[in-house]
Amino acid sequence: LFWIYLLPYMSIMSPTPKASLSAVIVSAVLKTVLVPKDLLQLQGLDAVIGWSTGITTALTSPTIGFGAGLVFFFSSSLVRGKAKQKAA
């Protein structure tokens, strides 16, 4: 109901910069961003893939980071496959 009453004033919110909206989102997940428990639990090649994907996402955009993560994963799958073939 609160939003319905404020609808006429929403035009004020439309020019809100993306940076301020991003700040609200980051503050909501700041603890997880500062101490990534799931990434800290990874070991071996999975840790390399996870950290490289996370760093790429942090330095670029989420879309590029996701794509880079897929590239890291599939390239590591090829490395793992070749290692298994040599072991057999």
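See above for the structure.
Residues numbered from 1 in each chain as written. Predicted model: local features only at pLDDT ≥ 70, side-chain atom pairs only at ≥ 80, totals over all residues. Heavy atoms only, no water.

Moving on: the overall build of the chain. When helices and strands are tallied, the chain shows five helices and zero strands. Its helices and strands in sequence order give the chain the pattern α-α-α-α-α, from N to C terminus. For the chain, whose C-alpha radius of gyration is 20 Å, the value lies well above the compact-globule estimate of 12 Å for 88 residues. Expressed as lengths along the three principal axes of its C-alpha atoms, the size of the chain is roughly 70 × 25 × 25 Å. Taking all 88 residues of the chain together, the buried fraction comes to 11%. Total accessible area on the chain stands at roughly 7500 Å², and carbon and sulfur atoms take up 74% of it. (Helix = DSSP H or I, 4+ residues; strand = E, 2+ residues; numbered from the N terminus. Rg over C-alpha atoms; globule rule 2.2 N^0.38 Å. Buried < 20%, exposed > 50% of the residue type's maximum accessible area, 1.4 Å probe, protein only. Areas by Shrake-Rupley, 256 points an atom, 1.4 Å probe, with all protein chains shown as cover.)

Mapped onto the elements of the fold, valine 29 is located in helix H2 (residues 18-34). For the pair valine 29 and glycine 81, spaced 52 residues apart in the sequence, the C-alpha separation amounts to 36 Å.

Right, let's talk about the pattern of salt bridges for a bit. Under the criterion given, the structure shown has one salt bridge. For aspartate 46, the salt bridge goes to arginine 80, with nearest N and O atoms at 2.6 Å. Here aspartate 46, found in helix H4 (residues 45-59), pairs with arginine 80, found in helix H5 (residues 62-87); they are 34 residues apart in sequence, far enough to count as distant. Overall, aspartate 46 belongs to the partly exposed group, its relative accessible area being 37%. (Salt bridge = Lys/Arg side-chain N within 4 Å of Asp/Glu carboxyl O.)

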